[in-house]
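# Secondary and tertiary structure notes
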Amino acid sequence: MPEPDLELLTSLEQEGVPTIHNMILGDRVVSRLDYQVALAYATFLAKRLIELFGELDPSVVIGDFDGLHGGVALAVARRMKIPWFALHFGVLPSGMVCLCKDQSPAVREQVVTGSPSAAWAETLLKRFEHKSVRAPAYIAPRQLSLMGELRKLPARMIAVGRTMRRARLRDGWQFTEEATDYSVGAAVRNLLRARAAGKAISKVGTLDVPPDMPFVFFGLHMQPESTVDVWAPFFSNQMWVIELLSRAIPPSHKLLVKIHKSDVANYSQKQLGQMKSFPGVEIVRPFADSRAFVEAADLVVAIQGTLGLEAALLGIPVIMLGNSPITLFPSATRVGEISDLPKLIRSKLAESRPDRSKIIEAYVSYLSPFMPAGHNNWTVEPTTEEVDGYVNVFRNLKNFLTSRPIVAAQERSAGFRSG
């Protein structure tokens, strides 16, 4: 592991590339390490990737949104003028993939010709309105029992043994999730934290159904998670976001804050109490139906994520805090100056609902870069059809880079429907 090379790391920062500090803070493992160790690891990755890309001379680099490794790879590729792309997975409907040319879901590249039809977009919208299609979610268990955690211990102990064996064979094992998240100690800590969080939520009081009064709805993100830590790093302090919103909304409205159902264990009674101490704030139970609150809200505020898209599809006013393609929809607006947020909230609350035709037109634009491929759940083996979809994605990327697009709009639309 080299000494931190601050000049090298600073030279990697440029427009469209996260800062090194955001890369560190957005990494679920490296963010827990000593700062100097994190800088040394970033230096190691940068030097190794410069060497590797120079040796391989790739035509394109396929990266991702997660972790220091992904961020440094983007920075090195950009510095060496190598095209870089990451797969971004759609949620409404799921099973679709587009390509982003930096670590933001708003910077999508149109590598395929044409657009899906308005008729198909309207069919999707009707299915969403009738709740026959919903966004997939990774749902944490409602209750984490002691017996359930004990059953996991043998597998965790095997993982610890495997990690220790690997540690003897290579340096840097402390930079892996195995070293921090898959140990017996981690299992016990998770159990204790989940039990404490369950008791805390029952004590502070939460809402199960939308209240009979005007409200603004905000959904917390699971953390650490690329959708907030990478896509919107300057809004990653979600407690600060709650305070910001509570200071900006008028007294005519409550601010309803929903805890992510997969992140329940990360909130203590003290944190929940702090949320409710802000003016007008109420907490929504983690397993309450989010759709019901979205439909009843006068305004939805989202950092990134599905809640904003759901509200935009329904024509409900939306404020997006992060840079997002959801702002293509007529009812969605990205926040500007923080000091102008109260004015923006008042204007959004007074806003008329858009025509359905405008929503469908925006939905077509939103779907336009996507191609049918697979789901972002790698615990499930992809089908042959999904593998063929990924082949098609990369074939189109190759032809995009050589300026020879090959897939017609009607062929792609048919693929959308089958997906």
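The sections below set out a description of the structure shown in this document. (Residues numbered from 1 in each chain as written. Predicted model: local features only at pLDDT ≥ 70, side-chain atom pairs only at ≥ 80, totals over all residues. Heavy atoms only, no water.)

Bringing the overall build of the protein chain into the picture now. Each helix and strand counted, the protein chain has 17 helices and 11 strands in total. Relative to its full complement of 419 residues, the protein chain shows a buried share of 47%. Looking at the protein chain alone, contacts between residues at least 24 apart form 70% of all its contacts between residues at least 6 apart. Carbon and sulfur atoms provide 54% of the accessible area of the protein chain, an area that totals close to 20600 Å². (Helix = DSSP H or I, 4+ residues; strand = E, 2+ residues; numbered from the N terminus. Buried < 20%, exposed > 50% of the residue type's maximum accessible area, 1.4 Å probe, protein only. Contact = heavy atoms within 4.5 Å. Areas by Shrake-Rupley, 256 points an atom, 1.4 Å probe, with all protein chains shown as cover.)

The contact between helix H5 (residues 118-129) and helix H15 (residues 356-367) brings their axes to 9 Å, and the two run at 105°. In this view, H5 runs roughly perpendicular relative to H15, as classed from their interaxial angle. Where H5 approaches H15, its residues Ala118, Trp120, Ala121, Glu122, Leu124, Leu125, Lys126 and Glu129 are matched on the opposing element by Arg356, Ile359, Ile360, Tyr363, Val364 and Leu367. Residue composition of the contact of H5 with H15, by class: 10 nonpolar, no polar and 4 charged. (Axes fitted to C-alpha atoms, helices over the stretch in contact; angles between N-to-C directions. Parallel < 35°, antiparallel > 145°, perpendicular 65-115°, else oblique. Nonpolar A, V, L, I, M, F, W, Y, C, P; charged D, E, K, R; others polar.)

This part covers helix H14 (residues 341-349). Every buried residue of H14 is accounted for by Leu341, Leu344, Ile345 and Lys348. Taken end-on, H14 shows its buried residues confined to a sector of 100°, consistent with a single buried face. Facing away from the buried side of H14, by more than 90 degrees, are the exposed residues Lys343 and Arg346. Where H14 is buried, its residues meet helix H10 (238-248), strand E8 (299-302), strand E9 (318-320) and strand E10 (332-334). (Arc of directions from axis to C-beta.)

Next up on the list: unusual backbone geometry. Across residues other than glycine, the phi torsion is negative in most instances, and most of the peptide bonds are trans. Going from Leu92 to Pro93, the amide bond is cis rather than trans, its omega being 0°. You can see Pro93 is positioned in the loop between strand E2 (84-91) and strand E3 (94-100). Non-glycine residue Asp57 carries a positive phi angle of around 50°. On the secondary structure map, Asp57 appears in the loop between helix H3 (35-56) and strand E1 (61-63). One non-glycine residue with positive phi stands out, namely Lys131, at about 65°.

Turning our eyes to something else, we now look at the pairing of strand E6 (residues 254-258). Along E6, 4 of the 5 residues are buried, which leaves the element largely enclosed by surrounding structure. Across 5 bridges, strand E5 (residues 215-219) lies against E6 in parallel orientation. Each bridged residue has a counterpart across the sheet, and for Val216 the counterpart in E6 is Leu255. Judged from the 4 bridges that link them, E6 and strand E7 (residues 281-284) form a sheet pairing that is parallel. (Pairing = 2+ DSSP bridges.)

To continue, consider the packing of aromatic side chains. Counting across every chain of the model gives 8 aromatic pairs. With a centroid separation of 5.1 Å and an interplanar angle of 90°, the aromatic rings of Phe65 and Trp231 are classed as edge-to-face. Placement of Phe65 in the loop between E1 and helix H4 (67-79) and of Trp231 in the loop between helix H9 (226-229) and H10 is noted, with a sequence separation of 166 residues between them. Comparing Phe65 with Trp231 shows no difference in burial state: the two are buried. Taking 5.6 Å as the distance between ring centres and 20° as the angle between the ring planes, the aromatic pair formed by Phe217 and Phe293 counts as stacked. Placement of Phe217 in strand E5 and of Phe293 in helix H12 (residues 290-296) is noted, with a sequence separation of 76 residues between them. The pair formed by Phe217 and Phe293 is uniform in burial state, with each residue classed as buried. Here the aromatic residues Phe329, Tyr363, Tyr366 and Phe370 are joined through ring pairs into a cluster of three or more. Positioned above the aromatic ring of Tyr366 is the side chain of Arg108, whose terminal nitrogen or guanidinium carbon lies 5.3 Å from the ring centre. Looking at Arg291, its charged tip hangs above the ring of Phe128, at a distance of 4.1 Å from the centre. (Phe/Tyr/Trp six-rings, centres within 6.5 Å; stacked < 30°, edge-to-face > 60°. Lys NZ or Arg CZ within 6 Å of the ring centre and 35° of its normal.)

Secondary-structure assignment places Asp229 in helix H9. Of the side chains bearing the opposite charge, Arg28 lies closest to the buried Asp229, which forms no salt bridge; the N-O distance is 7.9 Å. Residue contacts for Asp229: discarding those within four places in its chain leaves Asn22, Gly26, Gln223, Pro224 and Ser236. (Lys, Arg positive; Asp, Glu negative; His and termini not counted. Salt bridge = Lys/Arg side-chain N within 4 Å of Asp/Glu carboxyl O.)

Note on placement: Thr43 falls in helix H3. Once residues within four sequence positions are removed from consideration, Thr43 is found in contact with Pro2, Glu3, Pro4, Asp5 and Leu9.

Our next topic: the pattern of salt bridges. Under the counting rule described, the total for this entry stands at 10 salt bridges. Between Arg247 and Glu243 there is a salt bridge, and its shortest N-O distance comes to 2.9 Å. Note that Arg247 and Glu243 are positioned in helix H10 at a spacing of 4 residues, about one turn of the helix. Bridged by salt links that share partners, the residues Glu122, Glu129 and Arg356 form one connected network.

Everything listed is a geometric property; what it means functionally is a separate question.
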